[in-house]
Amino acid sequence: MRVVLLGGAGALAGGSGRFGLSLVQGAVPRLVLVPVVFRLALFLQAVWAADGLAAPALGIAVALYVVPNLLEVAWVFRRGTGIPAVLAADTAYTVVSSVVAAAFAADVPGLLALTWPNIMGTVMVWTLLRGAPAGAAAIAAAVLLRYGMAAVAGTSAPATWILFALLAAAVTALAIVLLVAGSMRFALGLGEQRGRAAERERHRRDVHDTVLQVMESLALPAPRDAVDPVGSLDQVRRTARAHALRLRLSLDGDAPAEPGGLEHRLGALAVEMTADGLRVDLVTLAKPAEVPESVVHALHDAAREALRNTLKHAKTTRAVVCLEEREGLVTVSVRDHGTGFDVAARPPGFGIENSIHARMAEVGGTARIHSAPGQGTRVVLSAPLELRFPVG
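Residues numbered from 1 in each chain as written. Predicted model: local features only at pLDDT ≥ 70, side-chain atom pairs only at ≥ 80, totals over all residues. Heavy atoms only, no water.

Caption draft 1: Looking closely at the overall build of the protein chain. From N to C terminus, the protein chain includes 13 helices and five strands. Looking at the protein chain as a whole, 40% of its 392 residues qualify as buried. Taking all contacts inside the protein chain whose residues are at least 6 apart in sequence as the whole, residues at least 24 apart take part in 75%. When the accessible surface of the protein chain is split by element, carbon and sulfur atoms take 64% of a total near 21,200 Å². (Helix = DSSP H or I, 4+ residues; strand = E, 2+ residues; numbered from the N terminus. Buried < 20%, exposed > 50% of the residue type's maximum accessible area, 1.4 Å probe, protein only. Contact = heavy atoms within 4.5 Å. Areas by Shrake-Rupley, 256 points an atom, 1.4 Å probe, with all protein chains shown as cover.)

Printed below as a string of structure tokens:
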């Protein structure tokens, strides 16, 4: 934590690593919200301690202290500006408001005392964003500013409580920096851990959906095995070569992008499954509008897993895939009239849990499986046409 104490939250933004660096750099300038809340709380306390201010004095105080602080927060959050700009703007505001208050202190009693929230807030800003050395320099500059204001206003400045108040503001800011640093490190570590776990799950799912599914489909008996064993063997070899080429391209990172939209991809999937022995009819009830690519991949791969399960377990040679779009949702239904199964009595396997449910959850969608012994199976996949968060 020594680097954080010396460099403040700026050091945290510069030393967080590539993972989450943009998140930290965007969040650090917004720590200005802490001293702004501190200022407003002290402003209210000062007004309360003075038993209220007269209407002209209260109006000037609000114009000098409340409105600029609220504008500063709005500016930081709206513009997403960097640390140097925040420091420059906050310091300039405090100096200008303090000089103006000192100039009118003789005419507006109590106005000079209200400058303390701004001065202490600026000390906190420098300490938060630049660390302990910058905080110490800000304290020294604040003391000089306060004595200069006293000279302009013709009043005295009690040095003892000034120094203690500024030190308390700096220590509070350092405590906030340490808290933010610890929280950020914990969040980044947790994010990396969950990211690695998600990557392992995706790898297992890809292996299941490619290598394992192809090997199982090759092992299934086909009606033509007894009639034309040579042709059947040749078909197995062609299928193995095609999938081996696709897998090699994906490992090399040169896999070509699948052409067309969702309807085209489902049509190609129907042809693929028909070649493996399962006749698939594609029915488009309502052609969807433009579907995000991530949703297309999720629906296509989840539908392929459902059809593979039909091919392996349903003891049927036909299935129907329905595509429709309704009220911002695109739905793909996979229906067969095979043997079916008891959904409640049979826990979901790896394919259903990861290749269907997890894949749809990644794009904010859902998967529902309806089946009963002797009544076939229906898998309903739904996903929104507008993603609310990035995928991948």
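Caption draft 2: Here's a closer look at unusual backbone geometry. At K315, a residue that is not glycine, the phi angle is positive and equals roughly 55°. Looking at the secondary structure, you find K315 in the loop between α12 (293–313) and β2 (318–326). You can call K315 exposed: its relative accessible area is 77%. Although it is not a glycine, E327 adopts a positive phi angle of roughly 55°. Here E327 lies in the loop between β2 and β3 (329–336).

Caption draft 3: Examining helix α7 (residues 132–153) more closely. Taking 1.5 Å of rise per residue, 22 residues should cover 32 Å, and α7 covers 31 Å from first to last C-alpha, within 8% of that figure. Of the residues making up α7, those classed as buried are A134, G135, A138, I139, A142, V143, L145, R146, M149, A150 and A153. In the stretch just after α7, G154 is the one whose phi turns positive, near 75°. (Expected span 1.5 Å × (residues − 1).)

The quantities given are spatial measurements derived from coordinates; they are silent on function.
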